[in-house]
Amino acid sequence: MPFLLHKMTALEKSISDYTDWSNPWKFFNYVIADTHLKSEEVQLFQKIWQKAGGSDLWNFEDLTSGCKKSKAFIIENYALNEFVIDLIVRAISYQWK
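The following refers to the structure shown. (Residues numbered from 1 in each chain as written. Predicted model: local features only at pLDDT ≥ 70, side-chain atom pairs only at ≥ 80, totals over all residues. Heavy atoms only, no water.)

**Some details on the overall build of the chain**
1) Next: Secondary structure summary: the chain contains six helices and zero strands in total.
2) Next: When its helices and strands are written in sequence order, the chain yields α-α-α-α-α-α.
3) Next: Counting only C-alpha atoms, the chain reaches 40 × 35 × 25 Å along its principal axes.
4) Next: In the chain, which comprises 97 residues, the proportion classed as buried is 39%.
5) Next: Long-range pairs, those at least 24 residues apart, make up 50% of the contacts in the chain between residues at least 6 apart in sequence.
6) Next: With the model as given, the accessible surface of the chain reaches about 6,500 Å², and the carbon-plus-sulfur share is 55%. (Helix = DSSP H or I, 4+ residues; strand = E, 2+ residues; numbered from the N terminus. Buried < 20%, exposed > 50% of the residue type's maximum accessible area, 1.4 Å probe, protein only. Contact = heavy atoms within 4.5 Å. Areas by Shrake-Rupley, 256 points an atom, 1.4 Å probe, with all protein chains shown as cover.)

**Thoughts on the nonpolar core**
Among soluble globular proteins, nonpolar side chains are generally buried collectively.
1) Next: Counting 25 residues, the largest nonpolar core has Ile15, Phe27, Phe45, Trp49, Ile74, Leu80 and Ile88 as its most contacted members.
2) Next: At the level of elements, α1 (10-17), α2 (27-32), α3 (39-52), α4 (55-58) and α6 (82-95) are the ones that each hand at least two residues to this core.
3) Next: In contact with Ile88, not counting residues within four places along its chain, are Ile15, Phe27, Phe45, Ile48, Trp49, Ile74 and Leu80. (Core = buried A, V, L, I, M, F, W, Y, C linked by side-chain atoms within 4.5 Å.)

**Regarding the packing of α3 against helix α5 (residues 63-77)**
1) Next: Contact pair α3 / α5: the axes reach a minimum separation of 10 Å and the direction vectors enclose 140 degrees. Judged by the inter-axis angle, α3 sits oblique to α5. In the packing of α3 onto α5, the handedness of the crossing is right-handed. Across the interface between the two elements, Ile48, Lys51 and Ala52 from α3 touch Ser70, Phe73 and Ile74 from α5.
2) Next: Among the residues making up the contact of α3 with α5, the classes are represented as four nonpolar, one polar and one charged. (Axes fitted to C-alpha atoms, helices over the stretch in contact; angles between N-to-C directions. Parallel < 35°, antiparallel > 145°, perpendicular 65-115°, else oblique. Left-handed = near helix turned anticlockwise from the far one by under 90°. Nonpolar A, V, L, I, M, F, W, Y, C, P; charged D, E, K, R; others polar.)

**Topic: the packing of aromatic side chains**
1) Next: Tallying each qualifying case throughout the model produces 11 aromatic pairs.
2) Next: Ring centres of Phe73 and Tyr78 lie 6.2 Å apart, and the angle between their planes is 65 degrees; on these two criteria the pair is classed as edge-to-face.
3) Next: Assessed through its relative accessible area of 21%, Phe73 is described here as partly exposed.
4) Next: When its relative accessible area of 14% is taken as the criterion, Tyr78 is described as buried.
5) Next: These aromatic residues form a ring-pair network of at least three members: Tyr18, Trp21, Phe27, Phe28, Tyr30, Phe45 and Trp49.
6) Next: In this structure, Arg90 packs its charged tip against the face of Trp21, placed 4.2 Å from the ring centre. (Phe/Tyr/Trp six-rings, centres within 6.5 Å; stacked < 30°, edge-to-face > 60°. Lys NZ or Arg CZ within 6 Å of the ring centre and 35° of its normal.)

In C-alpha cells, the structure reads:
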C-alpha cells in the first residue's frame, strides 16, 4: 500500500499557523478571522470547537482525561490531521484549566 500524504486544508493551515501560545485565549478568534478561509470552513471550525469543548468531554477532575476524550471525539468525527487536532485540544484545554 503506498504512503499517502495528507493534503493540508486551508482550515488546517490556519490552525497550524497559530503561534501565540502565551495567549491561548486568542486562538479561536485568530482562526475564525483568517480571511483565507471560506465561510463553510469557519462554520466547521466553530462546530468542532463547540462540540470538542463541550462539558460532556471536559467535566473531569483532571485535564488529561478531557484532552483524551476531546481528541478522540475529533478524530472520530472530523478528517483533520493529528497535529491540528492536538492544537485544537491544546487551545480548548486552556478554557478548562
